[in-house]
Amino acid sequence: VGKNLTEPTALIGHSMGAMIAMQLAMHPLVTGVVALNAIYQRTLSAQDAIRKRASVMTDSERPDPEPTIKRWFGDEVTPEAEACRGWLSTVSPQGYKMAYAVFANGDGLSAQDLAKLDKPILFMTGVLDPNSTPVMSTQMAAACSNGQAVIIDAAAHMMPMTHCDLVNEHLI
């Protein structure tokens, strides 16, 4: 993807998209990055949990969306939760398994790589996100020379959907 950049570009990515945006952040034409709900140095228990979820996925069966919906939205029934339930219920099992394996085995950029980034980087997450935690965003921002962390109150993993006004306010 980076080889296709031909002019200065700012990147915004959410979750796995944040992992991709951070990998591209070192490209000289990337002028800044917003990493929404990014991961960084997961705890051993978090690594075990996500790898366990990845290990039971198959190429032929869609995973039950309910545990994911519960992690992202709790017990609340909302239009956003229903939209995600619909997406997860129609996803390609093989594609989802492959993408989830990448996500499960990634841990974000290292502190050394973050320190090399000399462009503005905003890390934003929700205070209720159990997997892309406020501590992760704060640590990533501190590791960057021009990093900033924003933690959205009462938001979880899908904050770009559930708290779009606040997210957009910080983006602007």
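Whatever comes next refers back to the structure up there.
Figured I'd write up the structure that's included with this text.

Here we come to empty space enclosed by the protein. Under the defined criterion, the tally for this structure stands at 1 cavity of 30 Å³ or more. Considering only enclosed or pocket space, the largest cavity measures out at about 30 Å³ in volume. Around the largest cavity, the lining residues are Pro63, Asp64, Pro65, Thr68, Leu88, Val91 and Tyr96. For the lining of the largest cavity, the per-class residue count stands at 5 nonpolar, 1 polar and 1 charged.

Turning our eyes to something else, we now look at the sheet that holds strand β1 (residues 9-14). Strand-to-strand pairing in sheets goes through backbone hydrogen bonds, with the strands running parallel or antiparallel. One open sheet holds the 4 strands; their spatial order is β1-β2-β3-β4, and the pairing between them is parallel. Each edge of the sheet is formed by a strand with only one pairing partner; in this case those strands are β1 and β4 (147-152). Averaged over all pairs of adjacent strands, the angle between strand axes in this sheet comes to 15°, irrespective of strand direction. As judged from the 6 bridges shared by β1 and strand β2 (residues 30-36), these two strands associate in the parallel manner. Following the sheet pairing, Gly13 is matched in β2 by Ala35. Lying on the sheet, helix α1 (residues 16-24) is in contact with β1, β2 and β3 (121-126); it crosses β1 at an angle near 150°. The sheet contacts of helix α9 (residues 164-171) involve β1, β2, β3 and β4, and relative to β3 the element is tilted by about 165°.

Among the residues of helix α3 (residues 66-73), Thr68, Ile69, Trp72 and Phe73 are the ones counted as buried. The arc that holds the buried residues of α3, viewed along the axis, is 105°, so those residues lie on one side. Looking at the buried residues of α3, the elements they touch are α4 (79-90), α5 (93-105) and α8 (159-162). After α3 finishes, the residue Gly74 shows a positive phi value of roughly 70°.

The next thing to look at is the pattern of salt bridges. Under the counting rule described, the total for this entry stands at 5 salt bridges. A salt bridge links Asp59 to Lys97, with the nearest nitrogen and oxygen atoms 3.7 Å apart. Here Asp59, found in the loop between α2 (44-55) and α3, pairs with Lys97, found in helix α5; they are 38 residues apart in sequence, far enough to count as distant. Take Lys97: its relative accessible area is 29%, and that puts it in the partly exposed class. In this structure, Glu82 engages Arg85 in a salt bridge whose closest nitrogen and oxygen atoms are separated by 2.3 Å. Taken together, the positions of Glu82 and Arg85, both in helix α4 and 3 residues apart, correspond to about one turn of that helix. Ionic contacts of the salt-bridge type, sharing partners, join the residues Glu66, Glu82 and Arg85 into one network.

What counts as what
- Residues numbered from 1 in each chain as written.
- Predicted model: local features only at pLDDT ≥ 70, side-chain atom pairs only at ≥ 80, totals over all residues.
- Heavy atoms only, no water.
- 1 Å grid on protein atoms, 1.4 Å probe; cavity = no way out; pocket = protein on both sides within 12 Å on 5 of 7 lines; lining within 4 Å.
- Points joined across faces, edges and corners; volume = space filled by probe spheres on them.
- Nonpolar A, V, L, I, M, F, W, Y, C, P; charged D, E, K, R; others polar.
- Pairing = 2+ DSSP bridges.
- Helix = DSSP H or I, 4+ residues; strand = E, 2+ residues; numbered from the N terminus.
- Axes fitted to C-alpha atoms, helices over the stretch in contact; angles between N-to-C directions.
- Contact = heavy atoms within 4.5 Å.
- Buried < 20%, exposed > 50% of the residue type's maximum accessible area, 1.4 Å probe, protein only.
- Arc of directions from axis to C-beta.
- Salt bridge = Lys/Arg side-chain N within 4 Å of Asp/Glu carboxyl O.

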